[in-house]
Structure formats: C-alpha cells, structure tokens
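# Architecture and fold: a report
This is what each chain is made of:
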Amino acid sequence: MVWQDTPYTIPLMVAGAGMLLATFFLWRQQGSAASKIVLFITLLAVGLLLATAFKLSFVDMPTQVFWHLVQQSFITLIPTAWLFLTLQTLGYYRWLGRRYVAALCFVPVVTTLLVVTNPLHGLFWTHYSQETVDSVVMLQQQRVFGSMADALYNYGVLAAAIVLAVRVFLRRGDPRRIQARALLLVAAPPVAFILLYELNQGITSLNHLIALAALITSPLIIWGSRYYGAGNIIPVARAVVMDYISDAVIVLGQDGLIIDLNPAARRILRPAASAAAAAAAGECVGRPLRDFWPAEAAPLLADIMAATDVIKQEVVLAHAAEQRTYDMHVSPVFNWHGAVSSRVIVLHDISERINYQAALELLNTHLEGFVVERTLELENERAQLQAIIDSMGEGLIYTEGDTCRVNLALAAITGYTVEALNGPLSNLMRLISADDTLWELLHGAGLPFDAAGVWQGEVRLRRQDGTQFAAELTVAPVVAPVATLLTPPGDQRANAGATVTLVRDISQQKILRAQKDHFVTNASHQLRTPMTNIMTRLYLARRQPERLDEHLRVLEETAESMTSLIAQMLDISYFEQQAILLQREDVVLQDLLTSVFDGQLPRAAAKRITLACEMAAGAVHARVDTWRLRDALTYLLAYAIDYSREGSTVQVQLVTVDNHVQLTIQDSSPGTPRELLPHIFEPFFTASEGNVKATGMELTIAKAIVEAHGGTLTAESELGHGTTFTLQLPLPRSEAPPA
C-alpha cells in the first residue's frame with residue numbers, strides 16, 4: 001500500500017474528530033430512543049469520513065476499491081437511520097412497530113451485503129480505473145443498475161424524512177415544530193452536499209464539501225440532541241411549561257441518572273444534596289437521583305427506579321426548615337419495543353390544601369354546635385312571632401316568590417279561611433283582588449318606596465260575598481341579615497321577591513272623611529260671608545230703626561242666598577253619592593233652551609250683553625230630567641253672562657253630531673289661565689275677574705247633572721279670547737241621524 005498526500009485528508013480527519021466528539025457527547029447523554037439513534041448516525045458518519053479519507057490517501061487500486069466499498073456501505077445505512085430518527089423524534093410511533101422496522105431495514109441490510117460483495121457479481125460498479133486529477137490519484141468506476149437503484153432508494157428515504165419534518169414544521173400550533181426545525185437544520189448541510197455532488201460529478205473540490213458538511217453538522221447534532229431530544233419530552237413543554245409551573249418535574253434515564261429537571265425540582269433537591277454535590281457543574285443533570293433525593297423519602301427510591309406502572313402517593317419532604325406534603329406521580333415512558341426508556345416524576349405541593357382541610361374540619365365542628373344552638377333560638381323566635389301575627393287586628397300577607405301566607409285578621413276581613421288564602425299567590429289574587437293593582441304591589445313593580453323602604457297606598461279588594469271595599473296597604477320588602485363567611489357582620493340585603501303587606505279596611509273611614517271634608521269646606525268658605533252679613537244687618541237694624549225696611553230686605557236676600565247655597569251643597573253631595581234619581585221625560589231641546597234664554601234676558605240686559613242663539617232646524621228630542629237639565633243650562637248661561645264684558649255677545653249653538661246633540665256656549669270673558677282651567681269644574685271655583693255674585697258651585701253642579709244624563713261637559717279657554725263650554729248628550733236611537 002502506497003500513501004499519497006492529498007489536500008482532503010486533514011479536513012476529513014478534522015471533520016471526523018468533530019463528529020467523534022458529538023458521538024462522545026451523545027454517549028454521555030443517552031437514555032432515550034432518539035438519542036440512541038442519533039448516536040448510531042454519528043458513528044456511521046465517523047465511519048464515512050474515515051473511509052473517504054483512506055480512499056483518497058492510498059494510491060494502489062485494490063486498497064481504494066476496498067475503502068470505496070466501505071464508504072458506500074455507510075452511505076447506504078445513513079438515510080434509513082435518519083428516517084428512524086425522524087419518526088421517533090416527531091412522534092410517529094405507529095411506524096416504529098416491529099413489522100415496519102423490519103421492512104425498512106431489509107433493503108439497506110441487503111444492499112450493504114451486495115455492496116460488500118460487489119467484486120463477485122458487479123451489480124453496482126464495473127470497470128474500475130484510476131485517474132490523476134490535480135496530482136491526486138482518484139478511483140473511477142462505472143455505475144450500473146444496482147448503484148443507481150440504491151441511490152434512488154436512499155434519496156427517496158431521505159426525502160420522506162424531510163417531508164415529514166417539513167409537514168410538522170408548517171403546521172401552526174403543533175408543539176413538535178421546534179424538533180422538526182432541529183431535524184431540518186441538521187439535515188441541511190448533508191442534503192446540500194448531495195445536491196452539489198449529483199449536479200457536479202467529477203469535480204474533486206467537492207471532497208472539501210464532505211468535510212465542511214460534517215463540521216457544520218457536528219455542533220448541530222449536539223445542539224439538537226441537548227435541547228430537543230432528552231427523555232422524549234416535547235421541547236415546547238420543556239421550554240414553556242416546565243420552567244414556569246410550580247410543580248417539580250424530574251426526568252430519569254434507565255440507569256437512574258437525571259436527564260432533566262425544572263427549577264421547582266432543583267429547589268427541592270438542592271437542600272438534600274451534599275455541599276460538594278450542590279456545587280458540582282450542572283448540579284443535578286447527568287448525576288444519580290439518589291445523590292439528591294431527600295433522606296426522609298429514601299424508602300420510595302427503589303420503587304421509583306423499578307416503576308413500570310404509574311405510581312401515585314403522598315410524600316412528606318423537608319423544604320426550607322419546614323415539612324411540606326407533595327402529591328407524587330411517577331410515570332414510566334416506553335419505547336417502541338415496550339421497554340421503559342425513562343421515567344418522569346412530578347411533585348405537586350398540596351401542603352396548603354392539607355392545612356385548609358384541617359382548618360375546615362375544625363371549623364365544621366364549631367359550626368355544627370353553633371347551628372344546633374341557633375336552630376333552637378330560631379324555633380323560639382318563630383313561635384313568638386306566630387303568636388304576635390295571629391293576635392294582630394290588621395291583615396298581613398307574606399309573599400316570597402309565587403307563594404304567600406296570611407294571618408287570621410285578613411281571613412276575617414275578607415270572609416275566607418286562612419287555608420283558602422294560603423298557597424299560590426295567583427289564588428290569593430283571584431279571591432280578594434278587584435283589579436291588577438294588588439298583584440303589581442305584591443311583586444314590587446315600580447313602587448316608590450320612601451327612605452325607610454316602605455310604601456303606603458290604597459287599593460280596592462273584594463270580600464267572599466262579592467262586595468268591594470277600600471283597603472290601605474303598607475308594603476315593605478323583607479330585609480334579613482346575610483350570615484356568611486364572605487360578608488362583614490351586620491351586612492343586610494333584601495331577600496329578593498319577599499315582601500310583607502299590612503291590610504287595613506278603611507271603607508268606613510273614607511266615608512267619614514268625605515263627609516267631614518264636605519262639611520268643613522262648605523262651612524268655612526261659603527257660610528262665613530253670609531253669616532257675617534246677617535250679624536252686621538242685625539246690628540245696624542238696632543242702631544238705625546229708621547232704615548229697618550232696607551236691613552230686612554238685605555237679610556231676606558242673604559237668607560235666600562244661604563238657602564240656595566245649602567241646596568247646591570246638598571245637590572253635589574247627592575250626585576257624588578249617586579243618590580239622585582233622574583225623572584226623565586221626552587223634551588224638545590229647542591223649547592228647553594228657549595225658556596232658559598227667556599229667564600236670563602234680564603241678567604244680560606243689565607250688562608247690555610247680546611244673546612245670539614243658533615239652533616238646529618228640526619226639533620231635537622231627548623229623554624232628560626227637565627228640571628235638572630234646566631238648572632245645568634241656566635248655570636252655564638249665567639256663568640257666561642256674569643263673566644263677559646259689558647256690551648259683548650254670548651254665542652249659543654245647538655246642533656246634532658252623529659248620535660248625540662252638542663250645545664256650545666261661548667262667552668266674551670277675559671278667559672281663564674291655562675293652569676287654572678283643569679280646576680274650573682271643582683267646587684267653589686270662581687274666576688277673579690269682574691264683580692260676580694256666585695258661590696262657585698254652579699259649574700260643579702252643571703257637570704254632575706250632564707254626566708248623570710250620560711253626557712259630557714268640557715271647557716276651553718284662552719286669555720283674551722273668552723271661554724267656550726261644550727255640552728254633549730246622547731240622542732235616543734230614533735233621533736240619531738243615519739250613518
């Protein structure tokens with residue numbers, strides 16, 4: 001064998017040394033299936049580099065042929081090994097079964113045997129020769145079918161591995177993207193060399209590319225294996241989850257060495273280690289777990305090392321001068337052969353949960369005693385409250401949601417039994433409510449509660465016999481103390497949907513109040529002036545006997561005025577109580593209105609007022625109480641005359657509209673302010689304009705008479721334009737104009 005100096009030997013040897021260093025590193029870090037495959041690939045790469053260097057360093061042809069065959073054997077095995085690494089690293093475990101592995105290994109193994117025995121059959125290369133290129137003797141061979149088929153197979157396997165890695169890398173959200181990136185980075189230099197080799201065969205400088213590719217690949221293999229392959233843990237979980245979770249995670253190899261651990265695990269293991277071990281480089285990674293495992297949990301270490309199933313157990317470990325309880329999970333990781341390749345230990349700190357459980361058990365014991373004591377107190381209070389409620393004279397309704405309960409007093413007021421009223425709120429409404437008001441009140445719909453949270457008002461209720469009565473209600477929401485651990489003492493909140501309602505029958509009280517109001521109003525506002533006039537005239541009659549006739553005349557007029565006032569007051573009272581029965585008869589309204597006109601002519605003449613009347617052409621018949629309606633028309637016409645300016649005109653119009661008759665009286669008064677117009681029909685209302693002798697009862701009586709006949713009386717006024725009264729009465733069917 002003759003040695004020749006070439007410019008490729010040293011670069012190839014240096015590249016082989018770098019790959020050998022990567023092999024040594026992987027051997028130190030082995031413990032997972034992926035790291036073992038990478039170790040095998042680096043060994044093949046070292047062999048390939050050495051075989052290439054020896055092939056170029058010897059001159060004699062037999063030696064070059066030998067190293068050429070060795071070189072091709074390594075080339076045949078590397079693509080298949082790289083495919084296995086891709087499947088293992090990216091999690092395609094279903095392709096790593098025994099049958100698939102055997103199928104994938106069959107072709108490279110057979111090919112390697114054929115390559116080694118090529119001189120016997122010549123299926124791959126024939127016609128070996130030597131050629132000097134740049135003072136270097138190079139081996140040349142003729143490629144035949146076997147060599148080309150092997151190249152196509154190897155390229156196909158390598159392409160399949162790259163496609164799988166690219167597919168994962170392009171899938172957004174896939175946690176294996178970082179591993180796929182590492183595989184693509186490691187494969188990039190060899191793939192680039194292959195492409196250049198196939199496109200530029202015969203260029204000797206390409207031998208430098210083999211060394212360059214190996215030098216670039218070596219650190220990439222170390223980097224990828226160190227950060228993306230330990231323990232078959234997905235790097236995203238390692239980089240993003242493990243470093244930031246509070247649980248301690250420890251990854252062990254088959255031999256009990258620590259492959260990886262997160263900061264939480266370091267805080268647990270450091271106190272248990274010796275000073276020398278804690279100060280060692282790397283502290284824990286690559287060292288046995290027994291050197292760092294806490295002494296108080298030493299009996300569990302043997303079970304952890306031999307675990308083939310998941311272990312779940314609580315352990316107590318010393319941490320920062322205190323005992324803490326952990327929930328320990330030991331999970332074995334299996335390779336494709338079903339053997340345990342590594343183990344993952346997770347320690348979850350449950351010390352606070354244990355402390356809370358102890359505190360809750362103690363609190364529960366105290367609460368049970370308190371509940372028993374408080375229950376007795378509430379029973380006594382309930383009995384006392386029930387006795388108070390049953391002895392109340394006012395009715396009581398307690399509602400909560402759609403149910404209610406009543407007391408004996410409400411049953412007595414309405415005539416029902418307590419059992420009939422208790423139960424669904426809808427049943428109570430059906431029995432005693434005269435309208436929907438009570439339902440809205442008991443549901444708190446829009447009630448204007450006062451500052452104390454109470455509402456008072458009146459409603460009408462119905463007794464069992466069907467009669468209705470006025471009731472005064474006092475409604476208040478139920479406010480109860482909220483006794484929870486989450487609210488401060490004394491906090492009170494309304495019990496949603498619960499109310500207490502007091503019911504008092506005020507029908508008799510309202511009647512008495514109405515009678516009192518009428519009496520006080522009439523006596524104070526209308527009787528005071530005539531009584532004063534009478535007393536004055538009596539005094540003057542004694543002092544001035546010579547003017548006795550004049551004083552007697554005034555006393556007579558005052559007495560007549562008081563008599564008229566009393567009669568009007570009685571009429572209003574009768575109309576309000578619906579105690580007046582109308583004596584209806586058939587009347588021609590034109591005749592009735594004419595008689596009223598004739599009676600008011602002297603009053604109009606005294607003020608030089610013209611009465612203008614426009615009546616319907618045909619006779620308009622109506623069934624009315626002649627005397628009552630005459631009074632109403634007289635009051636309206638007299639009001640118009642009294643308040644009109646002297647020398648003005650009062651317009652009166654009588655027409656039929658649809659099925660009713662309409663009478664309009666328009667005066668020439670200064671008008672009534674808009675804010676006073678709604679009160680014009682109230683008792684004792686008088687305008688402030690003019691010197692008018694009126695009691696203020698006339699319009700009230702007129703409106704009551706018209707409404708008693710089923711009609712309406714309205715007033716419209718504007719300052720400076722007078723006042724218009726519109727009276728409408730329904731016509732008999734025979735008098736109504738056709739539609």
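Residues numbered from 1 in each chain as written. Predicted model: local features only at pLDDT ≥ 70, side-chain atom pairs only at ≥ 80, totals over all residues. Heavy atoms only, no water.

## Focus on the overall build of the chain
The helix and strand inventory of the chain stands at 23 helices and 20 strands. Here the chain holds 739 residues, and the buried ones make up 40% of them. With the model as given, the accessible surface of the chain reaches about 40,700 Å², and the carbon-plus-sulfur share is 59%. (Helix = DSSP H or I, 4+ residues; strand = E, 2+ residues; numbered from the N terminus. Buried < 20%, exposed > 50% of the residue type's maximum accessible area, 1.4 Å probe, protein only. Areas by Shrake-Rupley, 256 points an atom, 1.4 Å probe, with all protein chains shown as cover.)

## Details of the packing of aromatic side chains
Per the counting criterion, the structure on display carries seven aromatic pairs. Ring plane angle 70° and centroid distance 6.3 Å describe the contact between Phe681 and Phe725, whose orientation is recorded as edge-to-face. With Phe681 in the loop between strand E18 (660-666) and helix H23 (698-708) and Phe725 in strand E20 (residues 723-730), this pair connects stretches of sequence that are 44 residues apart. The two residues Phe681 and Phe725 agree in class, both being buried. Taken together, Phe54, Phe58, Phe66 and Trp67 form an aromatic cluster joined through their ring pairs. Between Arg630 and the ring centre of Trp627, over which it is positioned, the NZ or CZ distance is 5.3 Å. The ring centre of Phe681 lies 4.9 Å from the NZ or CZ of Lys703, which sits over that ring. (Phe/Tyr/Trp six-rings, centres within 6.5 Å; stacked < 30°, edge-to-face > 60°. Lys NZ or Arg CZ within 6 Å of the ring centre and 35° of its normal.)

## Concerning the pattern of salt bridges
Throughout the structure, instances matching the rule amount to twelve salt bridges. Between Glu707 and Lys703 there is a salt bridge, with its nearest N and O atoms 3.1 Å apart. Taken as a pair, Glu707 and Lys703 lie in helix H23 at a separation of four residues, close to a single helical turn. Lys703 sits in the partly exposed class, given a relative accessible area of 22%. Residues participating in the shared-partner salt-bridge network are Arg374, Glu377 and Glu381. (Salt bridge = Lys/Arg side-chain N within 4 Å of Asp/Glu carboxyl O.)

## Observations regarding the confidence of the model for the chain
Here the chain averages 79 in pLDDT, and 81% of its residues register 70 or above. Mean pLDDT across the secondary structure elements of the chain bottoms out at helix H11 (residues 275-279), with 44, and peaks at E20, with 93. Every residue in residues 272-282 is under pLDDT 50, and counting partners more than four places away or in other chains gives 13 contacts. Within the model, the stretch residues 482-495 combines pLDDT values under 50 with 16 contacts to residues more than four positions away or in other chains. (pLDDT = per-residue confidence, 0-100. Contact = heavy atoms within 4.5 Å.)

## Describing the packing of helix H21 (residues 589-606) against helix H22 (residues 626-643)
With their axes 10 Å apart at the nearest point, H21 and H22 run at an angle of 40° to one another. What the angle tells us is that H21 and H22 run oblique. In this structure, H21 crosses over H22, and the sense of that crossing is right-handed. Seen from H21, the contacting residues are Leu589, Leu592, Leu593, Ser595, Val596, Phe597, Gln600, Arg603 and Ala604; seen from H22, they are Thr626, Leu629, Arg630, Leu633, Thr634, Leu637, Ala638, Ile641 and Asp642. Tallied by class, the residues present in the contact of H21 with H22 amount to eleven nonpolar, four polar and three charged. (Axes fitted to C-alpha atoms, helices over the stretch in contact; angles between N-to-C directions. Parallel < 35°, antiparallel > 145°, perpendicular 65-115°, else oblique. Left-handed = near helix turned anticlockwise from the far one by under 90°. Nonpolar A, V, L, I, M, F, W, Y, C, P; charged D, E, K, R; others polar.)

## Focus: the pairing of strand E8 (residues 395-400)
As defined by bridge partners, E8 adjoins strand E9 (residues 403-406) across four bridges and the pair is classed as antiparallel. Across the sheet, residue Tyr398 finds its bridge partner in E9, namely Arg405. Following E8, the chain reverses through two residues before pairing antiparallel with E9; Gly401 in that reversal takes a positive phi of roughly 70°. (Pairing = 2+ DSSP bridges.)

## As for the packing of helix H3 (residues 61-89) against helix H6 (residues 145-169)
Contact geometry for H3 and H6: axes closest at 9 Å, N-to-C directions at 20°. Taken as axis vectors, H3 and H6 run roughly parallel relative to one another. In the crossing of H3 with H6, the sense of the turn from one axis to the other is left-handed. Between H3, through Ile75, Thr76, Pro79, Thr80, Trp82, Leu83, Thr86 and Leu87, and H6, the contact on the second element is made entirely by Asp150, Tyr153, Asn154, Val157, Leu158, Ala161, Leu164 and Ala165. Residues that form the contact of H3 with H6 fall into these classes: eleven nonpolar, four polar and one charged.

## Some remarks on a nonpolar patch on the surface
A cluster of nonpolar side chains, contributed by Leu360, Leu363, Leu367, Phe370 and Val371, occupies part of the molecular surface with about 450 Å² of accessible area. Mapped onto the fold, Val371 is located in helix H13 (residues 351-390). A relative accessible area of 47% means that Val371 is categorised as partly exposed. (Patch = residues over 30% accessible without salt bridge, like charges linked within 9 Å, V, L, I, M, F, W, Y side chains within 5 Å.)

## Notes on H22
With 18 residues, H22 ought to run about 26 Å at 1.5 Å a step, and its terminal C-alpha atoms sit 26 Å apart, in line with that. By the criterion of burial, H22 is predominantly enclosed, with 14 of the 18 residues buried. (Expected span 1.5 Å × (residues − 1).)

## So, the pairing of strand E3 (residues 248-253)
Of all six residues in E3, six are buried, a share of seventy percent or more. Looking at chain direction, E3 and strand E7 (residues 340-349) are connected through six bridges and run antiparallel. Bridge pairing in E7 links Ile250 to Ile345. As judged from the three bridges shared by E3 and strand E4 (residues 258-261), these two strands associate in the antiparallel manner. Counterpart to Ile250 in the pairing with E4 is Leu261.

## Regarding the sheet that holds E20
With mixed pairing, the five strands of this open sheet are ordered in space as E15-E17-E18-E20-E19. In this open sheet, the two edge strands, each paired with only one partner strand, are strand E15 (610-615) and strand E19 (712-717). Strand-to-strand twist across the sheet, computed as the mean angle between neighbouring axes with direction ignored, equals 15°. As paired strands, E18 and E20 are joined by seven bridges and run antiparallel to one another. Across the sheet, residue Thr664 finds its bridge partner in E20, namely Thr726. Where H21 meets the sheet, its contacts fall on E15, strand E17 (649-657) and E18, and the angle it forms with E15 comes to roughly 175°.

## Focus: the environment of Gln508
Here Gln508 shows up in helix H18 (residues 507-525). Judged by relative accessible area, Gln508 falls into the exposed class, the value being 55%. For Gln508 and Phe469, which are 39 residues apart along the polypeptide, the C-alpha to C-alpha distance reads 9.0 Å.

## Describing the sheet that holds E3
Pairing is antiparallel across the open sheet formed by five strands, whose spatial order is E4-E3-E7-E6-E5. Strands with a single pairing partner mark the edges of an open sheet, and in this sheet they are E4 and strand E5 (311-319). Sheet twist, expressed as the average angle between the axes of neighbouring strands with direction ignored, equals 25°. Alignment of E5 against strand E6 (residues 322-334), held across nine bridges, turns out to be antiparallel. Following the sheet pairing, Ala318 is matched in E6 by Gln323. Against the sheet, H13 touches E5, E6 and E7, its axis set at about 125° to E6.

## A look at unusual backbone geometry
Phi at His127 takes a positive value of approximately 60°, unusual for a residue other than glycine. Summarising the element assignment, His127 is placed in strand E1 (residues 125-133).

## Looking at the side chain of Glu698
Within the secondary structure layout, Glu698 lies in helix H23. There is no salt bridge for the buried Glu698, and the closest opposite charge comes from Arg603, which lies 7.8 Å off by N-O distance. (Lys, Arg positive; Asp, Glu negative; His and termini not counted.)

## Let's talk about the environment of Gln651
Topologically, Gln651 is positioned in strand E17. Taking the C-alpha atoms as reference points, Gln651 and Asp667, separated by 16 residues in sequence, lie 6.5 Å from one another. Apart from the residues within four sequence positions on either side, Gln651 is in contact with Ala612, Thr664, Ile665 and Gln666.

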